[in-house]
Amino acid sequence: MNMENNIRKIIKEKQLKIVDIINKSGLSKSYFYDVMNGNSVPTLTMARLIAKVIEAPLEKVFPDHETMNDL
(Lines give C-alpha, C1' and ligand atoms only; values in the text may rest on other atoms or scores of the structure.)
Protein backbone atom coordinates (compact mmCIF):
# COMPACT_ATOMS: atom_id res chain seq x y z
CA MET A 1 0.00 0.00 0.00
CA ASN A 2 1.33 3.42 -0.92
CA MET A 3 0.76 6.50 1.18
CA GLU A 4 1.26 9.92 -0.27
CA ASN A 5 3.23 12.36 1.80
CA ASN A 6 5.09 15.64 1.45
CA ILE A 7 8.21 14.67 3.43
CA ARG A 8 10.63 15.09 0.52
CA LYS A 9 9.03 18.40 -0.53
CA ILE A 10 9.19 19.84 3.00
CA ILE A 11 12.78 18.67 3.46
CA LYS A 12 13.74 20.42 0.23
CA GLU A 13 11.81 23.61 1.09
CA LYS A 14 13.44 23.83 4.52
CA GLN A 15 16.84 22.70 3.23
CA LEU A 16 17.03 19.96 5.83
CA LYS A 17 19.40 17.00 5.73
CA ILE A 18 17.83 13.57 5.74
CA VAL A 19 20.62 12.19 7.94
CA ASP A 20 19.80 14.83 10.58
CA ILE A 21 16.11 13.92 10.50
CA ILE A 22 16.92 10.22 10.88
CA ASN A 23 19.27 10.96 13.80
CA LYS A 24 16.79 13.26 15.58
CA SER A 25 13.86 10.89 15.11
CA GLY A 26 15.72 7.73 16.06
CA LEU A 27 14.08 5.91 13.14
CA SER A 28 16.05 3.44 11.07
CA LYS A 29 17.31 4.71 7.73
CA SER A 30 15.44 2.02 5.80
CA TYR A 31 12.15 2.67 7.60
CA PHE A 32 12.39 6.43 7.11
CA TYR A 33 13.11 6.02 3.38
CA ASP A 34 10.24 3.53 3.04
CA VAL A 35 7.83 6.03 4.60
CA MET A 36 9.23 9.00 2.64
CA ASN A 37 8.96 7.05 -0.63
CA GLY A 38 5.38 6.01 0.15
CA ASN A 39 6.25 2.31 0.45
CA SER A 40 5.35 2.05 4.12
CA VAL A 41 2.43 3.49 6.07
CA PRO A 42 3.60 4.86 9.42
CA THR A 43 1.63 4.47 12.61
CA LEU A 44 0.08 7.68 13.89
CA THR A 45 2.83 7.87 16.52
CA MET A 46 5.57 7.58 13.87
CA ALA A 47 3.80 10.06 11.58
CA ARG A 48 3.61 12.58 14.43
CA LEU A 49 7.29 12.02 15.24
CA ILE A 50 8.34 12.67 11.62
CA ALA A 51 6.17 15.81 11.46
CA LYS A 52 7.64 17.06 14.74
CA VAL A 53 11.24 16.49 13.63
CA ILE A 54 10.74 18.28 10.29
CA GLU A 55 8.74 20.98 12.10
CA ALA A 56 5.65 20.82 9.92
CA PRO A 57 1.97 20.21 10.73
CA LEU A 58 0.96 16.55 10.56
CA GLU A 59 -1.78 17.30 8.02
CA LYS A 60 0.74 19.02 5.73
CA VAL A 61 3.21 16.14 5.94
CA PHE A 62 0.56 13.43 5.46
CA PRO A 63 -2.44 14.95 3.65
CA ASP A 64 -5.54 12.78 3.89
CA HIS A 65 -6.75 12.50 0.30
CA GLU A 66 -9.38 9.86 1.10
CA THR A 67 -11.26 12.28 3.37
CA MET A 68 -11.03 15.00 0.72
CA ASN A 69 -12.57 12.67 -1.88
CA ASP A 70 -15.48 11.84 0.41
CA LEU A 71 -16.59 15.49 0.66
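Quick caveat: nothing in here was measured; it's all calculated off a predicted structure.

## Side note on the overall build of the chain
Alright, step 1. A tally of regular secondary structure across the chain gives 6 helices and 0 strands.
Alright, step 2. Each helix and strand of the chain, ordered N terminal to C terminal, gives the series α-α-α-α-α-α.
Alright, step 3. By the burial criterion, 31% of the 71 residues in the chain qualify as buried.
Alright, step 4. Counting only contacts in the chain whose residues sit at least 6 apart along the sequence, the fraction spanning at least 24 positions is 58%.
Alright, step 5. Counting only carbon and sulfur atoms, one obtains 51% of the accessible surface of the chain, whose full area is about 5,100 Å².

## Section: the nonpolar core
Alright, step 1. Of all hydrophobic cores here, the largest spans 17 residues; its most connected members are Ile7, Ile11, Phe32, Ile50, Ile54, Val61 and Phe62.
Alright, step 2. Going through the elements one at a time, helix 1 (7-14), helix 2 (18-25), helix 3 (29-36) and helix 4 (44-53) are the ones with two or more residues in this core.
Alright, step 3. Ranked by the residues each element gives to this core, the list is headed by helix 4, at 4 residues.
Alright, step 4. Sequence-distant contacts of Phe32, that is, excluding residues within four places in its chain, are made with Ile7, Ile11, Ile18, Ile21, Ile22, Leu27 and Ile50.

## Considering the confidence of the model for the chain
Alright, step 1. Predicted confidence across the chain gives a mean pLDDT of 90, with 89% of residues reaching 70 or more.
Alright, step 2. A low-confidence stretch, residues 67-71 stays under pLDDT 50, and its non-local contacts, those more than four residues away or across chains, total 0 contacts.

Conventions and cut-offs
Residues numbered from 1 in each chain as written. Predicted model: local features only at pLDDT ≥ 70, side-chain atom pairs only at ≥ 80, totals over all residues. Heavy atoms only, no water. Helix = DSSP H or I, 4+ residues; strand = E, 2+ residues; numbered from the N terminus. Buried < 20%, exposed > 50% of the residue type's maximum accessible area, 1.4 Å probe, protein only. Contact = heavy atoms within 4.5 Å. Areas by Shrake-Rupley, 256 points an atom, 1.4 Å probe, with all protein chains shown as cover. Core = buried A, V, L, I, M, F, W, Y, C linked by side-chain atoms within 4.5 Å. pLDDT = per-residue confidence, 0-100.

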